[in-house]
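# Tertiary structure, described
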Amino acid sequence: MRPKKKVTEEGDLFRARLDQIINMKHDLVQLAGKIDWDWIDEQIAPLYSDRGRPGIETRFVIGLLLLKHIYGLSDEGVCERWVHDPYFQHFTGETFFQHAFPHERSDLSHWRKRLGDRLELLLAESLRVAHDTGALRTRDLKRVTVDTTVQPKAITFPTDAKLLHAAIEGLNRLVRKHGVQLRQSYRRIAKKAAMMAGRYAHAKQFKRHHRQLRLLKSRLGRIIRDIRRKIEGRPELEAAFEAPLTRAARIRSQQQRQRGWKLYSFHAPEVECIGKGKAAAPYEFGVKASIVTTNGRAPGGQLVLHARTLPGTPYDGHTLGSVIEATEKLTGCPIERAYVDKGYRGHPTESPRRVFISSQKRGVFGVIEHELRRRSAIEPIIGHMKSEGHLGRCHLKGREGDAINVILTAVGHNLRRVLAWLRVLLTSILITLWRVGAFPPVVKQAS
């Protein structure tokens, strides 16, 4: 059910209004005034049910999600900071200072799942706010840079011993949850075997290392067969154990250097192995993500125009056409030229003359040559999204969580640029006022 509209309270003898105790020229206060909260509420209104108790205010939840990705906080961190930061409370629509968090932390998780593909509305709103404040110009939307990166998942580096041990632990957690009694859990044996396998591999004692792996595989096979015997003929348990048992059997049977698809995490089966040719990290485990930024530096800096995940590790050139089309749909502005790296060679776009690849010689002259040299400026933008945002490690569940994290990280980057731009504007206004006050105009006195 949609939340009830807040009635503006005129005053309270025992509580002070937030607008009386905070600096109304603060950049976060100005940003809250620039965002069209009513439009966001109208777009999200169809997600509410017609029955049940009133839900949480849209501005409160959306504001928390924005603050989390602007400042690179966790769900718990943003809720804790909200309690003692009056600017956070004002940003989420509170009138008076609150001394306790009014909702549950898990509401953020529920809302992320509920919003789903509508999160692109927040990216469009961040670009509109940047345009209204002067941080982004319309002409900046016509020249873009497209690149892909890897969004790593929050998993440990996968080795055979780690995966086998994780499968044994995962199945044991599941049987305890459903009350299935195993003949033996093998948890103590598996923990010691995984530890010794790592030590033997480090010491290059590979015969002993493979002996521990065989021990882990045999114990995992015993657990799988024992569970299947215990749940046979019980449809509800068979349905609950079907996917975990399939993953465990896959981990037990796969080889280190086999071709084709492999499982790299027991709790996150969607993780893919991606090699980007980096010396420090030859292989990364997560999902490929496409990032589109402005080519030239806008007044507020380079902003992210579009962001999405590319599951299945597709070839970069095959995704360029759909990415450009989605960017034009989101910004409402046709793209005249796009600049990409050599990974996009052979792209089947409709108008190949508007796509320029790094180190390309034919057709590169004048302004195009200067803009092509700026293609590499997208790399530090991706670096900022990984270090200051959450692109460097995704903690959300499933492929849906990967897609949500990429979009919200892009929104957080854009709003950080807008906040920096608002600080610059405020500083320039104060400097102008100081100069006017410090150097008053000379007025010629009448004779």
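This report concerns the structure included in the present document. (Residues numbered from 1 in each chain as written. Predicted model: local features only at pLDDT ≥ 70, side-chain atom pairs only at ≥ 80, totals over all residues. Heavy atoms only, no water.)

## With respect to the layout of surface pockets
Leftover empty space is mapped by rolling, across the atoms, a probe with the size of a water molecule. Computed from the structure, the largest pocket encloses a volume of approximately 990 Å³. Looking at the largest pocket, it is lined by 33 residues, and the ones nearest its centre are Pro158, Thr159, Asp160, Gln256 and Lys262. At the level of elements, helix 9 (160-178), helix 10 (187-202), helix 11 (206-231) and strand 2 (272-274) are the ones that each hand at least two residues to the lining of the largest pocket. The biggest single contributor to the lining of the largest pocket is helix 11, with six residues. When its residues are assigned to classes, the lining of the largest pocket shows 15 nonpolar, eleven polar and seven charged. (1 Å grid on protein atoms, 1.4 Å probe; cavity = no way out; pocket = protein on both sides within 12 Å on 5 of 7 lines; lining within 4 Å. Points joined across faces, edges and corners; volume = space filled by probe spheres on them. Helix = DSSP H or I, 4+ residues; strand = E, 2+ residues; numbered from the N terminus. Nonpolar A, V, L, I, M, F, W, Y, C, P; charged D, E, K, R; others polar.)

## Observations concerning a negative patch on the surface
Taken together, Glu232, Glu236, Glu238 and Glu242 make up a surface patch of like negative charges. Secondary-structure assignment places Glu236 in helix 12 (residues 235-253). Given the relative accessible area of 53%, Glu236 is considered exposed. (Patch = residues over 30% accessible without salt bridge, like charges linked within 9 Å, V, L, I, M, F, W, Y side chains within 5 Å. Areas by Shrake-Rupley, 256 points an atom, 1.4 Å probe, with all protein chains shown as cover. Salt bridge = Lys/Arg side-chain N within 4 Å of Asp/Glu carboxyl O. Lys, Arg positive; Asp, Glu negative; His and termini not counted. Charge placed at Lys NZ, Arg CZ, Asp CG, Glu CD. Buried < 20%, exposed > 50% of the residue type's maximum accessible area, 1.4 Å probe, protein only.)

## Examining a positive patch on the surface
A cluster of like positive charges, contributed by Arg183, Arg222, Arg225 and Arg252, occupies part of the molecular surface. Examined against the element boundaries, Arg183 turns out to sit in the loop between helix 9 and helix 10. For Arg183, a relative accessible area of 59% puts it in the exposed group.

## Quick notes on unusual backbone geometry
With a phi close to 60 degrees, Tyr186 is a non-glycine residue in the positive phi region. You can see Tyr186 is positioned in the loop between helix 9 and helix 10. What makes Tyr186 buried here is its relative accessible area of 6%. The residue Ser359 is not glycine, and still its phi comes out positive at about 70 degrees. Relative to the helices and strands, Ser359 is located in the loop between strand 6 (355-357) and helix 14 (367-373).

## Regarding helix 5 (residues 75-84)
If you check which residues of helix 5 are buried, you get Asp75, Val78, Cys79 and Trp82. When helix 5 is viewed along its axis, its buried side chains cluster within an angular range of 100 degrees and face the same direction. Facing away from the buried surface of helix 5 by more than 90 degrees, the exposed residues are Glu80 and His84. Each element contacted by the buried residues of helix 5 is listed here: helix 4 (58-70), helix 6 (86-91) and helix 7 (106-115). (Arc of directions from axis to C-beta. Contact = heavy atoms within 4.5 Å.)

## Focus: the packing of helix 3 (residues 37-44) against helix 8 (residues 120-133)
For any two helices packed against each other, one specifies the inter-axial angle together with the distance between the axes. Contact pair helix 3 / helix 8: the axes reach a minimum separation of 11 Å and the direction vectors enclose 160 degrees. By the angle class used here, helix 3 and helix 8 are roughly antiparallel. Crossing geometry of helix 3 relative to helix 8 is assigned as right-handed. Mapping the contact onto sequence places Trp39, Ile40 and Gln43 in helix 3 and Leu121, Leu122 and Glu125 in helix 8. Considering only residue class, the contact of helix 3 with helix 8 consists of four nonpolar, one polar and one charged. (Axes fitted to C-alpha atoms, helices over the stretch in contact; angles between N-to-C directions. Parallel < 35°, antiparallel > 145°, perpendicular 65-115°, else oblique. Left-handed = near helix turned anticlockwise from the far one by under 90°.)

## Here we look at the pattern of salt bridges
Two side chains bearing opposite charge may form a pair once their charged atoms approach each other closely. Within this structure, the stated rule accounts for 24 salt bridges. The residue Asp140 makes a salt bridge to Arg137 at a minimum N-O spacing of 3.1 Å. With a relative accessible area of 29%, Arg137 lands in the partly exposed category. The shortest N-O distance in the salt bridge between Lys230 and Asp226 comes to 3.4 Å. Residue Lys230 and its partner Asp226 are located together in helix 11, separated by four residues, close to a single helical turn. Among the charged side chains, a network of salt bridges with common partners joins Lys68, Asp75, Glu76, Arg105 and Arg112.

## Things to note about a nonpolar patch on the surface
A grouping of Ile429, Leu430 and Leu433 is seen on the molecular surface, where their side chains present a nonpolar patch of about 300 Å² in accessible area. As for its placement among the helices and strands, Leu433 is situated in helix 16 (residues 398-438).

## Section: the pairing of strand 3 (residues 284-294)
Within strand 3, eleven of the eleven residues are buried, which leaves the element mostly enclosed by the surrounding structure. Taken together, the six bridges between strand 3 and strand 4 (residues 304-310) define a ladder with antiparallel strand orientation. When the bridges of strand 4 are listed, Val292 appears paired with His306. (Pairing = 2+ DSSP bridges.)

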